[in-house]
Amino acid sequence: LDSLNYFCAKVYFRMIRKFFQTRSAFSLLEILLGVIIVALVSVASWISVSVLTHTGETSRNRSLAINLAQKSQEEVRRAAQTFYNDLDTCVFPPASGGACTFDEITTNFPDFTRTLTVTAVDGSTELKQSTVRISWLEFGQPRFIESTVYLSRPAEPLPGNILGLVASEKIP
């Protein structure tokens with residue numbers, strides 16, 4: 001019985017040793033293949049992060065430029081309510097002592113410049129075309145967007161001394 005136990009134990013330990021037996025080293029081919037796979041995954045990751053960063057910066061700049069163009073056109077509309085006849089002389093940045101009072105953008109939009117062009121449409125005195133051009137540098141390349149709005153002469157205000165009475169047909 002002891003020899004049977006000894007034999008079973010010997011077979012059992014031999015099976016365990018074979019099961020857990022590993023090779024002593026990797027071959028050169030396996031190491032090179034592993035390095036190539038890691039390099040390919042790293043390059044693909046780096047390219048995707050680079051593209052995402054570039055896309056994010058481009059989107060940010062364009063949305064800031066669109067916001068600035070909308071803000072600038074609103075300023076022109078506001079100025080047209082009072083200074084419609086003088087709009088042709090309005091410029092960005094605002095000239096000191098000029099008729100138009102536009103906001104300074106250098107604090108909120110330091111990387112952007114804007115230009116304003118106001119022209120009469122077909123020589124009309126009642127309709128003007130306002131074009132705002134927003135420019136910036138993006139990765140060393142100049143970029144711009146333009147926004148055009150047509151402005152009509154505002155209606156003359158009613159005199160302030162008009163008094164009226166709304167009544168039915170039957171006035172006592």
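The structure presented is a predicted model; accordingly, all values stated were derived computationally and were not measured.

> Break down the overall build of the chain for me, with residues and values.
Secondary structure assignment for the chain yields two helices and three strands. Of all 172 residues assigned to the chain, the portion counted as buried reaches 19%. Pairs at least 24 residues apart make up 48% of the contacts formed inside the chain by residues separated by at least 6 positions. For the chain, the accessible area works out to roughly 13,600 Å², and carbon and sulfur atoms hold 62% of it.

> If you had to explain the sheet that holds strand E3 (residues 141–152) to someone new, which residues and values would you point to?
Here three strands make up an open sheet; going across it, the order is E1-E2-E3 and the pairing antiparallel. Where the open sheet ends on each side, the last strands, each with one partner, are strand E1 (112–120) and E3. The sheet shows a mean angle of 15° between the axes of neighbouring strands, taken without regard to direction. Of the strands in this sheet, E1, strand E2 (127–138) and E3 touch helix H2 (residues 28–83), which is tilted by about 155° from E2.

> Could you give an account of the confidence of the model for the chain, with specific residues and numbers?
This prediction gives the chain a mean pLDDT of 81; 79% of its residues lie at or above 70. At the low end of the mean pLDDT range in the chain sits helix H1 (residues 2–20), at 73; at the high end sits E3, at 93.

> Summarise unusual backbone geometry; cite the residues concerned and give the values.
Even without glycine at this site, aspartate 122 takes up a positive phi of about 50°. With respect to the helices and strands, the residue aspartate 122 is situated in the loop between E1 and E2. With a relative accessible area of 79%, aspartate 122 lands in the exposed category. Positioned with a positive phi, phenylalanine 139 is a non-glycine residue whose angle comes to about 55°.

Rules and cut-offs
- Residues numbered from 1 in each chain as written.
- Predicted model: local features only at pLDDT ≥ 70, side-chain atom pairs only at ≥ 80, totals over all residues.
- Heavy atoms only, no water.
- Helix = DSSP H or I, 4+ residues; strand = E, 2+ residues; numbered from the N terminus.
- Buried < 20%, exposed > 50% of the residue type's maximum accessible area, 1.4 Å probe, protein only.
- Contact = heavy atoms within 4.5 Å.
- Areas by Shrake-Rupley, 256 points an atom, 1.4 Å probe, with all protein chains shown as cover.
- Pairing = 2+ DSSP bridges.
- Axes fitted to C-alpha atoms, helices over the stretch in contact; angles between N-to-C directions.
- pLDDT = per-residue confidence, 0-100.

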